[in-house]
Amino acid sequence: MATVLSRALKLPGKKSPDLGEYDPLTQADSDESEDDLVLNLQQKNGGVKNGQSPLGEAPEPDSDAEPAGSAKPHLSEVTTEGYPLEPLGGLEQKAASSMASYVRTSVFLLMLVVSTVLVLVCAFLIPCPPRDLHSTWSRRLGPQGGGDLNPLELADVNGDGLRDVLLSFVTLRNGSTAGVSRPPALLVCLSGMNGSTLWSSPLPEEARDVTCLDLMPGSGAGTVCLVTGTHKMLSAFNGTSGKAIWTLNPNYLSNGTLAAPGVMLPDLDEDGVRDLVVLAIGEVQPDLCFLLVSGRTGSPVGRPVKYSIVGVGNLIGPQVYITASGAVYILFGFGNIQAVALRDIFVQAQNRDSSPPSLQIEEPEWEKRRSINLSELIDVYSYGVELLQMVKAADSNCSNLLITTRQGLVLLRGQNLTPSWTLSLQGLRSQPTPGYFTDDETLDFLLQIPSGTGMKKVMVVDGDSGLVTWSYSVPCRMRETPTTSAATVDQKSVFLFWAEGLSAPSPSSDVTLGTEAPDLHHLYLLHPAFPSILLDLANATGTVTASEVGINDLWKDAFYVTRTTGPSSEGHPAPLVVSKLSLRWALMEGQVVQLKETTPKIGRGELRRFLSRIKFVDSPYQM
Ligand SMILES: [Ca+2]
Ligand SMILES: [Ca+2]
């Protein structure tokens, strides 16, 4: 092809054997020596010459070829008698030379077409990531006036197929303008498309949780967002308009306050709308009180139901667990986990013996664990419980219970509440992130635990055996940073976590601390196919307080939404920043951090091709 190009361009230089011109490209490729070229030139001059060198023309002064003379037989000399030599020779020469020119041009054009096709084919085989411009934005809100809770929720409220961002924050109380006092808190909905404010609603108190629900499955009634406050507020908002649909009258909580976010239940009062349960905690006594709330009106379904729970530690739950056979239990406790059948709460709330048929199902394996016969409480796990998560079991249609304790991690089988495995681990405070790391289609867990000053250990625990399958120490001085995962179409997950900047490993330690600003944090991605590298996707200043991953079904993309506070400058309160990042785009732009030298080393091209093919899907990890 080099020859073709140079021929077409008619590069000046020494003559080539065929053309009587020198081709630097061919020369570079050729093994032939200068002498061979001279020899070839002498031989080939006996054949057809091209149009650039008419017959009889003297060779150029710089030509290596010998002067045209007796040694070279001329084609024009072999002619029919009686015809003038020169004109006939000129005609034949013209015909021959135009033919050669034609052939040369055709070959050149053909090669050009072939190259173009090759380039296009390569371009299509290595697809570019969809540059969905609607997936990456950053929005500055606030300033935030304190508040320890950072609710963040994703739900499509305007029906454009992109999930929008709902969050709540405490406003600055001293920022009120003359005569107009600001509400203590705001519920804000930002467009997933570009981060613009779709609506905002004042809240009477700080929100501990915002959860968008489908209270009327299949009815197409739109998204309802349930907001639970830190004190007595429970409201359902219309996700589209931002208007409150109902608010629970705080008097029903008597002298208690809401202890945890409201939880969605099956329909209890048979009005076609799913109902809710909230847990209130007394101000003067350790009694816990369940209140069933109608999802349609926000009024109580029956009276409050009290339980006295003995236990020390974090409040656990309430969480709803539906067994494989359809029995519904509510899990809760203080540093321990108790289960109570929803039927038992309902019967007491209604003060009658009958309950809807759906609540009459029992799970024998759970029922036989009642501490005393006729006791309403089922003992699930008794000591040191910090966190409880439901995780989808691979081999059945129910969930397993992942329990984070002060001693480590325990996975209980949902069918019979027996331990599947136990992992001893000190210092685990944040919720494990489920995702698929190994190939067995069982959910694994990403954990992070503090390890030394300014460091944390990030590890992946195999969900089947409870063994640590991946771990790495990273610098991180942020107290608690959120971790997330996103599922891909091939039943794998990418795992995302925050740390300070990582540089290439030095022989003495895992990582070297960078010289970056202390409040600059990087978002790292771990893919199970390449456990020896991390991808540095983005960075943020301030404190990352919450993150959520959503899926864009159309693009098979995942987007990562971050809630960040600060940094605050002198005299100015820390701003609240919400950012959205397209993961497929970030994968292509991310910097590779090699954690350890591996053989064979991953080629950049191979890695890029692999990353460009990643497609994300919705995967309900938790049931
Ligand atoms: Ca939307
Ligand atoms: Ca109902």
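Quick notes on the rules
- Residues numbered from 1 in each chain as written.
- Chains lettered and ligands numbered in written order.
- Predicted model: local features only at pLDDT ≥ 70, side-chain atom pairs only at ≥ 80, totals over all residues.
- Helix = DSSP H or I, 4+ residues; strand = E, 2+ residues; numbered from the N terminus.
- Buried ≥ 20, exposed ≤ 12 C-beta atoms within 10 Å, placed from the backbone.
- Arc of directions from axis to C-beta.
- Contact = placed C-beta atoms within 7 Å.
- pLDDT = per-residue confidence, 0-100.
- Pairing = 2+ DSSP bridges.
- Axes fitted to C-alpha atoms, helices over the stretch in contact; angles between N-to-C directions.

### Some words on the overall build of the chain
If you tally the helices and strands in the chain, you get 8 helices and 34 strands. Burial statistics for the chain: of 623 residues in total, 35% are counted as buried.

### Remarks on helix H5 (residues 342-350)
Side chains that are three or four residues apart share a direction in an α-helix, a result of its 3.6 residues per turn. All of the buried residues along H5 are Leu 342, Ile 345 and Phe 346. On an axial view of H5, the arc spanned by its buried residues comes to 95 degrees, and they lie on one face. The elements touched by buried residues of H5 are strand E13 (287-293), strand E14 (305-308), strand E16 (328-334) and strand E17 (337-341). Note on H5: the residue one or two positions beyond its end, Asn 351, has a positive phi of about 55 degrees.

### Observations concerning the confidence of the model for the chain
In this model, the chain carries a mean pLDDT of 80, and residues with pLDDT of at least 70 account for 77%. Below a pLDDT of 50 lies the segment residues 1-87, which in the model reaches 84 contacts outside its immediate sequence neighbourhood of four places, other chains included. Note on residues 504-513: pLDDT under 50 across the span, and 15 contacts to partners over four residues away in sequence or across chains.

### Some words on the sheet that holds strand E24 (residues 444-450)
Within the open sheet, the 4 strands sit side by side as E23-E24-E25-E26. Their pairing is antiparallel. Pairing within the sheet leaves two strands with one partner each, and these edge strands are strand E23 (433-435) and strand E26 (468-475). Here the average twist between neighbouring strands, direction ignored, is 20 degrees. Sheet analysis places E24 next to strand E25 (residues 455-461), joined by 6 bridges and oriented antiparallel. Each bridged residue has a counterpart across the sheet, and for Ile 449 the counterpart in E25 is Lys 457.

### Focus: the sheet that holds strand E1 (residues 137-141)
Strands sit in the order E1-E33-E32-E31 across an open sheet of 4 strands; the sheet is antiparallel. Strands with a single pairing partner mark the edges of an open sheet, and in this sheet they are E1 and strand E31 (543-552). Strand-to-strand, the axes of this sheet are offset by a mean angle of 15 degrees, without reference to chain direction.

### Quick word on the environment of Leu 409
Mapped onto the elements of the fold, Leu 409 is located in strand E21 (residues 408-412). Given 20 C-beta atoms within 10 Å, Leu 409 falls into the buried group. Separated by 12 residues in sequence, Leu 409 and Trp 421 have C-alpha atoms that sit 8.4 Å apart. Excluding anything up to four places from it in sequence, Leu 409 contacts Leu 402, Thr 404, Leu 423, Leu 425, Leu 428, Pro 432 and Val 461.

### Topic: the pairing of strand E12 (residues 276-282)
In terms of burial, E12 is largely enclosed, as 5 of its 7 residues are buried. In this sheet, E12 lies alongside strand E10 (residues 256-258) in antiparallel orientation, the contact comprising 3 bridges. Bridged to Gly 256 within E12 is Gly 282. Of the pairings in the sheet, the one linking strand E11 (residues 263-264) to E12 comprises 2 bridges and is antiparallel in character. Across the sheet, the residue bridging to Val 263 is Val 277, located in E12. Looking at chain direction, E12 and E13 are connected through 6 bridges and run antiparallel. Looking at the pairing, Ile 281 lines up with Leu 288 of E13.

### A few points about the environment of Lys 392
Mapped onto the fold, Lys 392 is located in strand E19 (residues 385-392). According to the C-beta neighbour criterion, Lys 392 is partly exposed, with 18 such atoms within 10 Å. In sequence terms Lys 392 and Leu 443 are 51 residues apart; their C-alpha atoms lie 7.4 Å from each other.

### Here we look at unusual backbone geometry
The amide bond that connects Gly 317 to the next residue, Pro 318, takes the cis arrangement and shows omega of 0 degrees. Tracing the backbone shows Pro 318 in strand E15 (residues 315-322). Phi at Asn 351 is positive, roughly 55 degrees, even though this residue is not glycine. Of note, Asn 351 is situated in the loop between H5 and helix H6 (364-367). According to the C-beta neighbour criterion, Asn 351 is exposed, with 8 such atoms within 10 Å.

### Overview of the pairing of strand E7 (residues 224-229)
Within E7, 6 of the 6 residues are buried, which leaves it mostly tucked inside the rest of the structure. Residue alternation in E7 divides its side chains into two sets, Val 224, Leu 226 and Thr 228 and Cys 225, Val 227 and Gly 229, and both sets are buried. Pairing between strand E6 (residues 207-213) and E7: 6 bridges, direction antiparallel. Bridged to Asp 209 within E7 is Thr 228.

### Some thoughts on the environment of Gly 454
With respect to the element layout, Gly 454 can be found in the loop between E24 and E25. Residue classification places Gly 454 among the partly exposed residues on the basis of 14 C-beta atoms within 10 Å. Separated by 25 residues in the primary sequence, Gly 454 and Arg 479 have C-alpha atoms spaced 9.3 Å apart. Not counting residues within four places of it along the chain, the set of residues in contact with Gly 454 comprises Pro 475 and Arg 477.

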